[in-house]
Amino acid sequence: MHDNFLVKPTPEKALEVQRELMSAMAVGDRQAFEQLYRLTSPRLFAVALRMLRRHAWAEEVLHDSYITAWNRAGSYNPALSSPMTWLTHIVRNRAIDWMRGSDNQLDELDDNMGENNASDHDEPLQRLQQDSDAKILAECLSHLPAEQRQSLTLAYYQGLSHGEVSSHLQQPLGTIKSWIRRALDHLKSCVGL
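Residues numbered from 1 in each chain as written. Predicted model: local features only at pLDDT ≥ 70, side-chain atom pairs only at ≥ 80, totals over all residues. Heavy atoms only, no water.

This part is about the overall build of the protein chain. Helices and strands together make up the secondary structure of the protein chain, namely 10 helices and 0 strands. Taken from N to C terminus, the helices and strands of the protein chain fall in the order α-α-α-α-α-α-α-α-α-α. Burial status across the protein chain gives 31% buried among its 193 residues. Within the protein chain, residue pairs in contact and separated by at least 24 positions form 63% of the contacts whose partners lie at least 6 positions apart. Of the accessible surface of the protein chain, which amounts to about 12,700 Å², a share of 53% is contributed by carbon and sulfur atoms. (Helix = DSSP H or I, 4+ residues; strand = E, 2+ residues; numbered from the N terminus. Buried < 20%, exposed > 50% of the residue type's maximum accessible area, 1.4 Å probe, protein only. Contact = heavy atoms within 4.5 Å. Areas by Shrake-Rupley, 256 points an atom, 1.4 Å probe, with all protein chains shown as cover.)

Now for the pattern of salt bridges. Two side chains with opposite charge may pair up if their charged atoms get near one another. Scanning the entire structure with this criterion turns up 4 salt bridges. In this structure, E16 engages K13 in a salt bridge whose closest nitrogen and oxygen atoms are separated by 3.7 Å. Placement of both E16 and K13 in helix α2 (residues 11-26) is noted, with a separation of 3 residues, approximately one turn of the helix. In this structure, E164 and R43 form a salt bridge, with 2.8 Å as the shortest nitrogen-oxygen distance. Within this pair, whereas E164 is found in helix α9 (residues 162-169), its partner R43 is found in helix α3 (residues 30-52), the two being separated by 121 residues in sequence. Among the residues examined, R43 registers a relative accessible area of 30% and is labelled partly exposed. (Salt bridge = Lys/Arg side-chain N within 4 Å of Asp/Glu carboxyl O.)

Formed by 40 residues in total, the largest nonpolar core has its most connected members in L44, V61, W86, V91, L152 and V165. Contributions of two or more residues to this core are made by α2, α3, α4 (55-72), α5 (83-100), α7 (117-142), α8 (146-156), α9 and α10 (173-191). Non-local contacts of W86, meaning those with residues more than four positions away in its chain, are made with M22, A69, R72, A73, S75, Y76 and S81. (Core = buried A, V, L, I, M, F, W, Y, C linked by side-chain atoms within 4.5 Å.)

As enumerated under the stated definition, the model contains 1 disulfide in all. Disulfide pairing places C140 opposite C190 at an S-S distance of 1.9 Å. The disulfide joining C140 to C190 has a torsion of about -85 degrees about its S-S bond and is therefore left-handed. In this pair, C140 is assigned in helix α7 and C190 in helix α10, connecting sequence segments 50 residues apart. Under the relative-accessibility criterion, C140 is labelled buried at 1%. For C190, a relative accessible area of 32% gives the class partly exposed. (Disulfide = S-S within 2.5 Å.)

Relative to the elements of secondary structure, S41 occurs in helix α3. Residue classification places S41 among the buried residues on the basis of a relative accessible area of 9%.

The subject of this paragraph is the packing of aromatic side chains. Applying the stated criterion across every chain yields a total of 5 aromatic pairs. Here the aromatic rings of Y37 and Y66 are separated by 4.8 Å at their centres, their planes lie at 65 degrees, and the arrangement is edge-to-face. Taken together, the residues Y37 in helix α3 and Y66 in helix α4 connect sequence positions 29 residues apart. The rings of F33, Y37, Y66 and W70 are connected pair by pair, giving a single aromatic cluster. Directly above the ring of W57 sits R54, whose terminal nitrogen or CZ lies 4.9 Å from the centroid. (Phe/Tyr/Trp six-rings, centres within 6.5 Å; stacked < 30°, edge-to-face > 60°. Lys NZ or Arg CZ within 6 Å of the ring centre and 35° of its normal.)

Here we come to the confidence of the model for the protein chain. For the protein chain, per-residue confidence averages 80 on the pLDDT scale, and residues scoring 70 or more make up 79% of the total. Every residue in residues 1-5 is under pLDDT 50, and counting partners more than four places away or in other chains gives 0 contacts. Note that residues 102-106 has pLDDT below 50 and, in this model, 5 contacts with residues that lie over four places away or in other chains. (pLDDT = per-residue confidence, 0-100.)

So, in structure tokens, the structure goes:
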């Protein structure tokens, strides 16, 4: 029985397990919720952290997202998306709400109170550099073929594995890996790394 934990399930099996857990969660099964959390939370936390860039905020968004998932599990439709895509959508929307909301501004002020004055002067320069980098990256992304851009976006911004991207786009795994590798090579040369 312990051997099952040593073997990584295939993407198809993982998808099947996630769908079963979602169905059980929809009827109030707390153990299914706990299992789904353990299976999906590392990847969803990475999505939130990538968007928010603050550990505490990402934790808060993840917590709120799982509460939303628990409350809305009955509305999940496996014909429309995989559980991971559905959960990622919830996390992304909650992170966007968090960034727009004023409830995080007090936390930001508290975090910045302990920093020295030099960092206050450096912050506008850092933001300008980040904005400049983001514009360069967006320009480089716009030159990619649509399938490479979509594969890269699903993998790095939505936190999907190559197998999940393959299932989502209904393309062979080798093709997805090739698209992502070519897209990354293009971005490296475009941004000058």
